[in-house]
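# Architecture at a glance
One letter stands for each residue in the lines below.
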Amino acid sequence: MKKVVIDAERCKGCELCVKYCPKQCLDIADSTNSKGYLPAFLAREDDCISCGICGRMCPDSAIEVFKP
Amino acid sequence: MQDVYRTSNSLTKNTMHYCPGCAHGIIHKLVAESIDELGIREKTIGVAPVGCAVLAYNYFNIDCVVAAHGRAPAMATGIKRVHPDRIVFTYQGDGDLASIGAAEIVHAAMRGEKITVIFVNNAIYGMTGGQMAPTTLVGQKTTTSPYGRQVEHCGSPIRIAEMLSTIPGAYSVSRVTVTTPANLMKAKKTIKRAFQNQIDGKGLNIVEVLSTCPTNWGRTPYESMRWVDENMVPYYPLGDFKVPEEAK
Ligand SMILES: Cc1ncc(C[n+]2csc(CCOP(=O)(O)OP(=O)(O)O)c2C)c(N)n1
Ligand code: SF4
Ligand code: SF4
Ligand code: SF4
Ligand SMILES: [Mg+2]
């Protein structure tokens, strides 16, 4: 399981998680979900410190964070 | 794998209707987490406003009602007085609480109602298309102040937390925001305390949360967060305006 699990169908592509991640682990995908939003995804898992900030800042409860 | 962050049990699985990046969703989560942590989900009743949060009952996994515009504190008063063992809160925007509902919040505070009020101030009428609110900043452009709010014409923005803190019946009055992870944690602590105070039989408890409206402000969600820090916080300072020692 990944450290950060993003539900791409819930995501509205607002980029708050991308901007607030202290390790710049997240990016925005280049293809849309079924609602037409470009969802966020975990692009650099090795850099992720499982701090939970992306999950807390996501307004749409699209992110869950885990620690190995 | 160990859980670091998961969605609260006091939220339903429904997708929120809020615009992408709107801070209403973040504030809902803080309220829901507070309800979870205090173990009061089964006995909490929410009163939703008229405004973008009118559909909040779809998202809180608790019993909710919707009040007429601005009347949530009056409705919450009735519910709490009939069911004093329940935990009752209102969730209201600035158009709802500070404009059409100004009398209701002032008198609910004056009576010292044992309720919790989450006041979401985004300096605009979000739902109706971005009109000027009493909280709109001087110079801020909205659809009804296209050249920016002018003091000579509309007066100065109302500081609700400061005003309510002068009312003896208000038990706790604070202002927070959710613009950084640190501010968010502080906001969570303050909201949780505003519920704990009610559990302890105290009221009225109000938390003003400086929020965003990326859509009507014409800014990205992240720029909107910065705009709160740079423009709203200097006029609407954060902090506890009235919190008794016993509640700290
Ligand atoms: C009695 C009445 N007057 C006016 C309206 C129109 N109206 C709907 S929402 C709203 C203001 C909402 O602004 P706010 O409370 O700040 O909530 P936001 O959408 O910004 O979260 C107004 C004036 C109404 N629904 N009912
Ligand atoms: S858990 Fe922390 S480090 Fe990992 S992606 Fe989220 S914000 Fe970045
Ligand atoms: S904060 Fe949430 S909704 Fe916004 S881009 Fe990230 S996952 Fe998507
Ligand atoms: S109109 Fe503004 S306050 Fe309403 S959901 Fe959209 S961004 Fe949020
Ligand atoms: Mg508003």
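These figures come from a predicted structure and were not determined experimentally. (Residues numbered from 1 in each chain as written. Chains lettered and ligands numbered in written order. Predicted model: local features only at pLDDT ≥ 70, side-chain atom pairs only at ≥ 80, totals over all residues. Heavy atoms only, no water.)

With that settled, the discussion passes to the coordination of the magnesium ion (ligand 5). Residue and element names in this part refer to chain B. Distances from the magnesium ion (ligand 5) to its protein donors, Asp-94 (OD), Asn-122 (OD1) and Ile-124 (O), fall within 2.0 to 2.2 Å. Sequence positions of the donors to the magnesium ion (ligand 5) reduce to the motif D-x27-N-x1-I. On the accessibility criterion, Ile-124 (2% relative accessible area) is buried. (Donors = N, O, S within 2.8 Å, 3.2 Å for Na, K, Ca; no water. Buried < 20%, exposed > 50% of the residue type's maximum accessible area, 1.4 Å probe, protein only.)

Let's shift gears to the site of ligand 3. In the vicinity of ligand 3, the contacting residues are Cys-11, Lys-12, Gly-13, Cys-14, Glu-15, Cys-17, Ala-40, Cys-58, Pro-59, Ala-62 and Ile-63 of chain A. Broken down by class, the residue content of the shell around ligand 3 amounts to 8 nonpolar, 1 polar and 2 charged. (Near = heavy atom within 4 Å. Nonpolar A, V, L, I, M, F, W, Y, C, P; charged D, E, K, R; others polar.)

With that settled, consider the side chain of Asn-122 of chain B. Within the secondary structure layout, Asn-122 of chain B lies in the loop between strand S5 (116-121) and helix H5 (151-154). When its relative accessible area of 6% is taken as the criterion, Asn-122 of chain B is described as buried. (Helix = DSSP H or I, 4+ residues; strand = E, 2+ residues; numbered from the N terminus.)

The subject of this paragraph is the sheet that holds strand S3 (residues 63-66) of chain B. All names here are of chain B. An order of S3-S2-S4-S5-S7-S6-S8 is seen for the 7 strands of this open sheet, with the pairing classed as mixed. Only two strands of the sheet have a single partner each, and these edge strands are S3 and strand S8 (239-242). Across the sheet, the mean angle from the axis of one strand to that of its neighbour is 20°, orientation sign disregarded. Sheet topology places S5 next to strand S7 (residues 205-210); 6 bridges connect them, and they run parallel. Paired with Asn-121 across the bridge in S7 is Leu-210. (Pairing = 2+ DSSP bridges. Axes fitted to C-alpha atoms, helices over the stretch in contact; angles between N-to-C directions.)

Tallying the contact residues gives 30 residues for chain B and 28 residues for chain A. Overall, the association of chain B and chain A removes approximately 2,500 Å² of surface from exposure, summing both partners, and the carbon and sulfur fraction of that is 61%. On the chain B side of the contact with chain A, Met-1, Val-4 and Tyr-5 of chain B bury the most area, a combined 28% of that side's loss. At the boundary of chain B and chain A, one finds 1 salt bridge. The shortest N-O distance in the salt bridge between Arg-6 of chain B and Glu-64 of chain A comes to 3.4 Å. Here chain B and chain A share 12 residue pairs in polar contact (both at pLDDT 80 or more) between them. When residues of the side of chain B that touches chain A are traced back to their parent elements, those giving at least two are strand S1 (2-5), helix H1 (24-38), helix H7 (181-199) and helix H9 (221-235) of chain B. In this structure, strand S4 (residues 63-67) of chain A lies alongside S1 of chain B, joined through 3 bridges in antiparallel fashion. Bridge pairing links Lys-67 of chain A to Gln-2 of chain B in S1 of chain B. (Contact = heavy atoms within 4.5 Å. Buried area = accessible area lost by both parts, 1.4 Å probe. Salt bridge = Lys/Arg side-chain N within 4 Å of Asp/Glu carboxyl O. Polar contact = N/O pair within 3.5 Å; in protein donor to acceptor, adjacent residues only side chain to side chain.)

This part is about the site of ligand 1. All names here are of chain B. Ligand 1 sits among 16 residues. The nearest are His-24, Asp-94, Gly-95, Asp-96 and Gly-126. Contacts to ligand 1 include Asp-96, whose backbone N or O atom sits 2.7 Å from an oxygen atom. In the environment of ligand 1, an oxygen atom lies 3.2 Å from a nitrogen or oxygen atom belonging to the side chain of Asn-122. Across the complex, the protein chains shield 72% of the 600 Å² of accessible surface that ligand 1 would expose by itself. When residues in the shell around ligand 1 are grouped by element, the largest group, 4 residues, is from helix H3 (residues 94-100). By residue class, the composition of the shell around ligand 1 is 6 nonpolar, 8 polar and 2 charged. (Areas by Shrake-Rupley, 256 points an atom, 1.4 Å probe, with all protein chains shown as cover.)

Next up on the list: the sheet that holds strand S1 (residues 4-6) of chain A. Strand order in the open sheet formed by 3 strands is S1(A)-S4(A)-S1(B), with antiparallel pairing between adjacent strands. In the strand order of this sheet, the two ends are held by S1 of chain A together with S1 of chain B, each with one partner. Averaged over all pairs of adjacent strands, the angle between strand axes in this sheet comes to 30°, irrespective of strand direction. Sheet topology note: the S1 of chain A/S4 of chain A ladder contains 3 bridges and is antiparallel. Counterpart to Val-4 of chain A in the pairing with S4 of chain A is Val-65 of chain A.

Attention now goes to the nonpolar core. In this structure, Val-31, Phe-60, Phe-89, Tyr-91, Ile-118, Val-178 and Phe-195 of chain B are the most contacted members of the largest nonpolar core, which totals 39 residues. Looking at this core, the elements that each hand over two or more residues are helix H1 (16-20) and helix H2 (53-57) of chain A together with H1, strand S4 (87-93), S5, H7 and S7 of chain B. The element contributing the most residues to this core is H1 of chain B, with 7 residues. Among residues more than four places away in sequence, those in contact with Val-31 of chain B are Phe-60, Phe-89, Ile-118, Ile-191 and Phe-195 of chain B. Core analysis: the next-biggest nonpolar cluster, separate from the first, contains 23 residues, Ala-72, Ile-79, Val-88 and Val-173 of chain B among them. (Core = buried A, V, L, I, M, F, W, Y, C linked by side-chain atoms within 4.5 Å.)

On to the confidence of the model for chain B, then. For chain B, per-residue confidence averages 97 on the pLDDT scale, and 100% of positions sit at 70 or higher. Model confidence for the complex is summarised by a pTM of 0.98, with the ipTM given as 0.97. (pLDDT = per-residue confidence, 0-100.)

So, about unusual backbone geometry. Along the chain, Gly-203 of chain B connects to Leu-204 of chain B via a cis peptide bond; the corresponding omega equals 0°. The phi dihedral of Glu-15 of chain A is positive, around 75°, even though this residue is not glycine. Summarising the element assignment, Glu-15 of chain A is placed in the loop between S1 and H1. Notably, Ser-61 of chain A is not glycine yet its phi reads approximately 50°, a positive angle.

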